[in-house]
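A look at the structure
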Amino acid sequence: MVNIATHPNRSVFAGDEGLLKEHLERLEGNRAGAFAVHIRLSELRSSNRKPHFIRIASRSFESLENNYDAILFKMINQDLILSCRDVPINNLDEAIHKVRALFSQDPLAVGEEGSFDDRFASWYDLAWEEDFNNFKKVVTDMEVKAGRVAKEAEKARKAAKANKSMAGEPLDLGNLAKINHSLQNARVADLVCQQPVICIGAGKGGAVAFREYFVSMSDLQRRIAPDVNLLSSPWLFHYLAEILDKRMLVVVARHDFSEPADSISLNLNISTVRSREFQHFHRSIKDHVGKLIVEFQLTDVFVDVDAYYFARDMLQKQGYRVLIDGLTPLTIQFFDPGILEADFVKINWSPEFSGEEVQERMMGIQAMVRSSKQRKVILGRVDSESAIKSGLAMGVQHFQGYFVDTLTQAMVSKGIV
Amino acid sequence: MAPGVDNKHLPSQENLLLDYLRRLEDKRAGRRAVYIMLSGLKPFNRREQHIRAASSSFESLIQSRHGQLFCLKNSDLFFAFKAEATPHAEAVVRKIRFLFSDDPFLEEENTDKRRFVTWHDMEKDYDALLLKVQDAVEAEHKRATDVHSSRQDARTTLKARQEQGEPLTPDILWRVEKALGSADLSNLVRRQFVCSFDSKHRPEPFFSELFISIADLRETVIPGVNVTSNQWLFQHLTKTLDRRMLAMLGKTDHITISGDISFNLNVETLVSDEFLAFDDNITAGRRGTMIIELQMMDIFANLSAFVFARKFVQDKGYRVCIDGLNRHTIEMIGRKSLEADILKIAWNSELLNSGGEVVRSKLRRSIEKVGKHKTILCRVDSREAVNFGRAAGAMLFQGRYIESLIAEDNRRKELLRLRRRIERSRSF
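What you are looking at is a predicted structure, and each value in this text was computed from that prediction instead of being measured. Numbering of residues starts from 1 in each chain and follows the order in which that chain's sequence is written. The naming scheme follows written order: chains are lettered A onward, ligands numbered 1 onward. Owing to the predicted nature of the model, reporting of local features is limited to residues with pLDDT of at least 70; listing and counting of side-chain atom pairs is limited to 80 or more, with chain, interface and lining totals taken over all residues. Derived side-chain values reflect all non-hydrogen atoms in the structure, with water molecules and hydrogen atoms excluded from consideration.

**Regarding the overall build of chain B**
Using the following cut-off: In DSSP terms, a helix is any run of H or I states spanning at least four residues, a strand is any run of E spanning at least two, and both are numbered starting from the N terminus. Per-residue accessibility, obtained with a 1.4 Å probe over protein chains only, is compared with the maximum for each type, and a residue is labelled buried under 20%, exposed over 50%, and partly exposed between these values. Working rule for contacts: check all heavy atoms of both residues, and any pair within 4.5 Å makes them a contact. In short, Shrake-Rupley with a 1.4 Å probe defines the accessible areas, and a residue's cover is counted only from the protein chains shown.
Along the backbone of chain B there are 20 helices and twelve strands. Here chain B holds 428 residues, and 49% of them are scored as buried. Considering only contacts in chain B between residues 6 or more positions apart, those separated by 24 or more positions represent 70%. Approximately 21,100 Å² of chain B is accessible, and the part contributed by carbon and sulfur atoms is 49%.

Dropping the structure here:
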């Protein structure tokens with residue numbers, strides 16, 4: 001968060017870190033009534049650290065800046081530092097409290113306000129020698145790091161540009177029609193990948209429960225629109241996904257289900273299930289519906305819950321199983337997916353959800369696993385052993401993700417699976 | 001008032017009026033006409049029931065065969081009548097004028113060149129009138145042919161239309177999006193009230209929702225295309241509508257609105273620069289009168305942004321309303337109900353058909369759980385809907401049926417006021 005607009009003559013790397021250091025040097029001779037507050041937004045979870053969130057948070061201090069001797073510095077790592085002189089603490093408390101409330105779902109803001117172990121905000125009484133020196137050290141460290149961070153950011157930007165995987169122009173209405181056309185005519189069969197979901201029983205080894213079939217988006221993008229980021233607009237992407245569904249159905253219908261292979265799952269839009277293409281699909285795999293699991297995205301379910309219930313009833317009656325995908329530990333805090341009465345629920349794991357602060361969230365999953373005897377909970381996007389461990393501790397037995405891929409490969413090579 | 005797609009092939013009122021004038025050419029002596037420019041009124045005075053109230057005032061004159069009324073596409077009225085009915089026609093026009101007396105257009109009438117009411121003598125003004133009507137017909141015709149010439153495959157088009165308008169394609173939406181960027185949408189803004197009922201079953205406004213009429217947008221910007229036919233493309237379009245709505249609300253002189261208001265936004269919009277700029281320009285007091293409506297689907301698609309944005313706008317003083325709930329989703333989000341201030345459950349006649357008592361008691365429990373003072377039954381289109389809602393514990397209602405009750409109540413008040421006036425003038 002370098003405030004380039006206000007300091008047009010400064011280089012990006014100097015940033016607010018440099019300005020703050022200069023400010024501190026000027027302050028050194030007259031420290032009466034001066035103090036500083038360091039708000040560590042850099043320690044927020046990445047989903048809460050989006051630039052516009054930080055921008056909104058920093059606006060909470062605007063009235064202090066306008067009415068008192070207070071200056072806000074926005075650090076490159078997204079931390080905020082407020083340097084004040086004789087600003088009424090109550091007013092400042094109020095502003096900080098507001099920012100903390102904005103991030104109330106974040107473990108960082110959970111710590112008790114003003115307590116010793118509160119990581120959210122640290123106060124420095126600059127009139128006091130020791131605090132002044134500590135603060136100066138913090139600022140100097142930040143300045144050194146800032147140069148490095150900026151360099152890394154530049155490197156990452158260049159790397160992203162070179163590796164065009166999911167970069168590129170945003171998807172918009174101007175290019176959607178063309179992409180739509182390419183998608184309808186492009187070959188997709190060779191882009192279909194699969195990822196196993198494994199079941200780990202108590203005391204037993206693992207076994208593949210089913211395999212999810214999907215189209216690799218980065219490969220698809222390279223083929224139909226190398227310059228456009230297909231995932232940049234979620235709503236327009238859903239539009240493309242409906243078309244992709246129909247292409248996928250044709251591919252999967254050719255799958256040889258007569259082999260005693262694993263069950264497979266397929267991500268579909270709810271509207272697809274009611275389409276003519278799905279009827280064709282159903283006719284061609286009729287004898288094997290028991291091996292098929294249809295995955296629906298939670299967002300799609302909320303578009304029209306009645307349509308979901310209709311589709312679920314229809315599928316289950318025909319012998320398919322239904323899975324709800326796209327949940328996160330945060331989703332579960334706000335609604336109980338049990339009411340959707342699906343056969344499987346997939347919750348996406350994320351490393352931010354490990355750690356002690358989020359016990360409450362984990363309890364939510366645990367309660368869900370216990371309450372749904374028939375329903376199977378899958379922990380998705382599992383990328384480490386510790387994720388599987390936490391999952392098992394919560395009673396989860398089904399896992400999917402990069403780590404599971406490696407695990408399965410190892411099991412295959414040892415002949416376990 | 002705008003005729004729908006279905007009667008496009010019927011002669012338009014403009015055409016009928018032209019035909020009428022032509023037939024009148026040699027019988028124009030002793031005939032007069034009055035042109036009432038309802039199109040000059042502010043949008044909130046130009047809702048369907050207003051136009052209906054104004055046009056129905058001529059009913060007794062029409063029935064007694066003293067005149068003929070034409071309702072033009074732009075909402076303007078043209079009434080042609082026999083000279084002997086002049087006093088009666090004048091009384092009707094006075095009444096209409098009275099109905100809209102609080103509209104800025106009538107207040108500025110003396111300084112503005114455009115007049116709300118213009119009287120014509122058919123004999124003297126015939127040629128000028130004919131010209132004026134011909135222009136109107138031409139404009140209407142041009143609009144219709146523009147639509148037609150852009151269509152190649154008439155059969156496919158008609159077929160799709162029969163199935164609720166031409167489907168939305170990315171290309172069409174792109175055109176709409178571009179058109180929206182520059183169009184003045186203030187005349188597409190509609191207002192619908194959320195009401196409770198007093199002891200005499202009369203509606204009492206709680207707040208009103210402002211929205212851009214999608215049906216009229218479709219007619220204005222891209223006639224015959226069903227803008228809502230693809231959920232995802234439509235959802236994308238709402239981002240543009242959000243920006244236009246904020247721009248309009250930001251200009252206080254543009255829409256003069258009384259009472260608390262609500263409007264729909266995307267979660268993404270709440271954390272955008274456009275919203276911050278809007279928020280900067282309105283006074284702290286006004287924030288308290290505003291309710292931001294968010295869609296359930298949008299919330300769950302951006303949950304962490306929602307959690308952040310809800311807190312942010314509530315802190316600022318806005319209230320947050322969750323729109324688009326039904327009997328299932330209200331149960332899903334439970335007692336905490338996403339910590340919103342207000343919830344809207346959509347009425348659907350299915351509620352009556354699918355299980356009756358069971359559904360009602362389930363809904364009743366949900367409403368009790370979240371609080372009946374913060375739950376609105378919306379899309380109410382019949383008396384049965386209100387009865388069902390009341391039995392399920394709802395106290396707040398919104399929808400077409402409520403609008404008709406308001407119009408009825410306004411007519412009653414209007415008559416009452418008129419009667420008092422007459423009585424007062426008699427007593428002098």
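We are not done yet, so read on.
**A short note on the overall build of chain A**
Per the secondary structure count, chain A includes 17 helices and 14 strands. Looking at the 417 residues of chain A, the share that counts as buried comes to 47%. Put simply, of all contacts in chain A between residues at least 6 apart along the chain, 68% involve residues at least 24 apart. On chain A, roughly 20,200 Å² of surface is accessible, and the fraction owed to carbon and sulfur atoms is 51%.

**A word on the sheet that holds strand 2 (residues 69-74) of chain A**
Residues and elements named next belong to chain A. What counts, and what does not: Should DSSP find at least two bridges between two strands, the strands are taken to pair. Here an axis means a line fitted to C-alpha atoms, over the contact stretch when the element is a helix, while the angle between two N-to-C directions is reported on a 0 to 180 degree scale.
The four strands lie next to each other as 2-3-1-4, forming an open sheet whose pairing is antiparallel. Unpaired on one side and paired on the other, strand 2 and strand 4 (121-125) mark the two borders of the sheet. Strand-to-strand twist of the sheet, defined as the mean angle between neighbouring strand axes without regard to direction, takes the value 15°. As paired strands, strand 1 (residues 34-39) and strand 4 are joined by five bridges and run antiparallel to one another. In the strand pairing of strand 4, Ala36 is matched with Tyr124. Helix-sheet contacts for helix 1 (residues 15-27) involve strand 1, strand 2 and strand 3 (80-85), and the interaxial angle to strand 2 is about 150°.

**So, unusual backbone geometry**
Positive phi, close to 50°, is recorded for Arg381 of chain A, a residue that is not glycine. Along the chain, the position of Arg381 of chain A falls in the loop between strand 13 (376-380) and helix 16 (385-393). By relative accessible area, which is 59% here, Arg381 of chain A ends up exposed. The backbone of Arg65 of chain B shows a phi angle near 60°, a positive value even though the residue is not glycine. Within the element layout of this structure, Arg65 of chain B appears in the loop between helix 3 (59-63) and strand 2 (67-71). Residue Arg65 of chain B is classed as exposed on the basis of its relative accessible area of 68%.

**Points about the confidence of the model for chain A**
What counts here: Confidence per residue, as judged by the predictor, is encoded in pLDDT with a range of 0 to 100.
Confidence in the prediction for chain A averages 84 pLDDT; 87% of positions are at 70 or higher. Low confidence marks residues 1-13 of chain A, where pLDDT is under 50. Its contacts with residues over four positions away, or in another chain, come to 18 contacts.

**Let's talk about a positive patch on the surface**
To be explicit about the condition: Any residue with relative accessible area above 30% and no salt bridge may belong to a patch, with like charges joined within 9 Å and the nonpolar Val, Leu, Ile, Met, Phe, Trp and Tyr side chains within 5 Å. Here, a salt bridge means any side-chain nitrogen of Lys or Arg that lies within 4 Å of a carboxyl oxygen of Asp or Glu. In summary, the charge assignment counts Lys and Arg as positive and Asp and Glu as negative, without counting His or the chain termini. Each charge is placed at NZ for Lys, CZ for Arg, CG for Asp and CD for Glu.
A contiguous patch of positive charge, built from Arg335, Lys362, Arg365 and Lys369 of chain B, is present on the exposed surface. Within the fold, Arg365 of chain B resides in helix 18 (residues 357-370).

**A short note on the environment of Phe193 of chain B**
All names here are of chain B. Residue placement: Phe193 occurs in strand 5 (residues 189-197). Linking Phe193 and Arg400, residues 207 residues apart in sequence, is a C-alpha distance of 9.5 Å. Once you skip the residues sitting within four places of it in the chain, Phe193 turns out to touch Arg47, Pro205, Phe207, Ser208, Phe397, Gln398, Gly399, Ile402, Glu403 and Ile406.

**Considerations on the sheet that holds strand 8 (residues 290-295) of chain B**
Residues and elements named next belong to chain B. Strands sit in the order 5-6-7-8-9-10-11-12 around a closed barrel of eight strands; the barrel is mixed. Taking the axes of each pair of neighbouring strands and ignoring which way they run, one obtains an average angle of 30° across the sheet. In terms of strand pairing, strand 11 (residues 375-378) meets strand 12 (residues 396-398) through two bridges, oriented parallel. Bridging from a neighbouring strand, Ile376 pairs with Leu396 of strand 12.

**Comments concerning helix 7 (residues 173-185) of chain A**
So the rule is basically this: Expected span of a helix, by definition, is 1.5 Å for each gap between consecutive residues, and there is one gap fewer than residues. For the purposes of these results, a polar contact is taken to be a pair of N or O atoms within 3.5 Å, where, inside protein, one atom must be able to donate a hydrogen and its partner to accept one; residues adjacent in sequence count only when each atom of the pair is a side-chain atom.
Taking 1.5 Å per residue, 13 residues should reach 18 Å; helix 7 of chain A reaches 19 Å between its end C-alpha atoms and fits that length. All of the buried residues along helix 7 of chain A are Leu173, Asn175, Leu176, Ile179, Asn180 and Leu183 of chain A. Here the buried face of helix 7 of chain A lies against strand 5 (169-170), helix 8 (217-224), strand 8 (228-229) and helix 9 (234-253) of chain A together with helix 8 (170-182) and helix 10 (231-250) of chain B. Two to three positions downstream of the cap, the backbone nitrogen of Gly174 of chain A sits 2.8 Å from a side-chain oxygen, assigning the N-cap of helix 7 of chain A to Asp172 of chain A.

**Topic: the packing of helix 8 of chain B against helix 10 of chain B**
Residues and elements named next belong to chain B. What counts here: For classification, angles of less than 35 degrees are called roughly parallel, those exceeding 145 degrees roughly antiparallel, those between 65 and 115 degrees roughly perpendicular, and all remaining angles oblique. Asp, Glu, Lys and Arg are counted as charged, while Ala, Val, Leu, Ile, Met, Phe, Trp, Tyr, Cys and Pro are counted as nonpolar; the rest, among them Gly, fall into the polar class.
Two elements in contact, helix 8 and helix 10, have axes whose closest approach is 10 Å; the angle formed by their N-to-C orientations is 5°. By the angle between their directions, the pair helix 8 and helix 10 is classed as roughly parallel. When helix 8 is examined against helix 10, the residues Pro170, Leu173, Val176, Glu177, Leu180, Gly181 and Ser182 are found in contact with a partner set consisting of Leu233, His236, Leu237, Thr240, Leu241 and Arg244. When its residues are assigned to classes, the contact of helix 8 with helix 10 shows seven nonpolar, four polar and two charged.

**Structural notes on the pattern of salt bridges**
Residue and element names in this part refer to chain A. Considering all chains together, one arrives at 30 salt bridges over all chains under this definition. Measuring nitrogen to oxygen at the nearest pair gives 2.7 Å for the salt bridge that ties Arg312 to Asp313. For Asp313, a relative accessible area of 36% puts it in the partly exposed group. Linked through salt bridges whose partners overlap, the residues forming this network are Arg40, Glu43 and Arg119.

**Let's talk about the interface of chain B and chain A**
The following threshold applies: Put simply, buried area is how much 1.4 Å-probe accessible surface two parts lose in total, over both of them, once they are put together.
In this complex, chain B contributes 38 residues to the contact, which on the side of chain A involves 41 residues. In this assembly, chain B packs against chain A so that about 3,800 Å² is buried in total across both faces, 71% of it on carbon and sulfur atoms. On the chain B side of the contact with chain A, Trp232, Phe308 and Met332 of chain B bury the most area, a combined 23% of that side's loss. Along the contact surface separating chain B from chain A lie two salt bridges. Arg55 of chain A is the partner of Asp273 of chain B in a salt bridge, and the nearest nitrogen-oxygen pair spans 2.8 Å. On the surface where chain B and chain A come into contact, there are five residue pairs in polar contact (both at pLDDT 80 or more). Among the secondary structure elements, those contributing two or more residues to the side of chain B that touches chain A are helix 8, helix 10, helix 12 (273-281), helix 14 (296-301), helix 15 (303-316) and helix 16 (327-333) of chain B. Here the residues of the side of chain B that touches chain A sort into 20 nonpolar, eight polar and ten charged.

**Here's the deal with the packing of helix 7 of chain A against helix 8 of chain B**
With their axes 8 Å apart at the nearest point, helix 7 of chain A and helix 8 of chain B run at an angle of 175° to one another. Viewed along their axes, helix 7 of chain A and helix 8 of chain B adopt a mutual orientation that is roughly antiparallel. Residue-level inspection shows Leu173, Gly174, Leu176, Ala177 and Asn180 of chain A of helix 7 of chain A in contact with helix 8 of chain B, the latter providing Pro170, Asp171, Leu173, Trp174 and Glu177 of chain B. Looking at side-chain class alone, the contact of helix 7 of chain A with helix 8 of chain B contains six nonpolar, two polar and two charged residues.

**Some remarks on the packing of aromatic side chains**
Heads up, the rule is: Stacked, edge-to-face and tilted labels apply to pairs of Phe, Tyr and Trp rings (six-membered ring for Trp) whose centres lie within 6.5 Å, assigned for plane angles under 30 degrees, over 60, and everything in between, in that order.
Per the counting criterion, the structure on display carries 28 aromatic pairs over all chains. On the basis of an interplanar angle of 15° and a centroid distance of 6.0 Å, the ring pair of Trp235 of chain A and Trp232 of chain B is categorised as stacked. Taken together, the positions of Trp235 of chain A in helix 9 and Trp232 of chain B in helix 10 put the pair across two chains. With respect to class, Trp235 of chain A is no different from Trp232 of chain B; both count as buried. The interplanar angle of 15° and the centroid separation of 5.7 Å between the aromatic rings of Phe79 of chain B and Phe81 of chain B together place this pair among those described as stacked. Judged by relative accessible area, Phe81 of chain B falls into the buried class, the value being 1%. One aromatic cluster is present, formed by Phe263, Phe275, Phe278, Phe312 and Tyr318 of chain B through successive ring pairs.

**Quick look at the pairing of strand 10 (residues 292-297) of chain A**
All names here are of chain A. The buried fraction of strand 10 amounts to five of the six residues, a majority that puts the element mostly inside the structure. Bridge count between strand 9 (residues 263-267) and strand 10: four bridges; the pairing is parallel. Residue pairing in the sheet places Asn267 in a bridge with Glu295 of strand 10. Two elements, strand 10 and strand 11 (residues 321-327), share five bridges in a ladder whose sense is parallel. Note on strand 11: the bridge partner recorded for Val294 is Val322.

**Thoughts on helix 16 of chain A**
Residues and elements named next belong to chain A. Quick reminder of the rule: To obtain the arc, one takes the directions from the helix axis to the C-beta atoms.
Ala387, Ile388 and Gly391 are the residues of helix 16 that are buried. Buried residues of helix 16, viewed axially, fall in a sector of 100°; they line one side. Counted as exposed and oriented over 90 degrees from the buried face of helix 16: Lys389 and Ala393. Where helix 16 is buried, its residues touch strand 6 (192-200), strand 13, strand 14 (398-400) and helix 17 (402-413).

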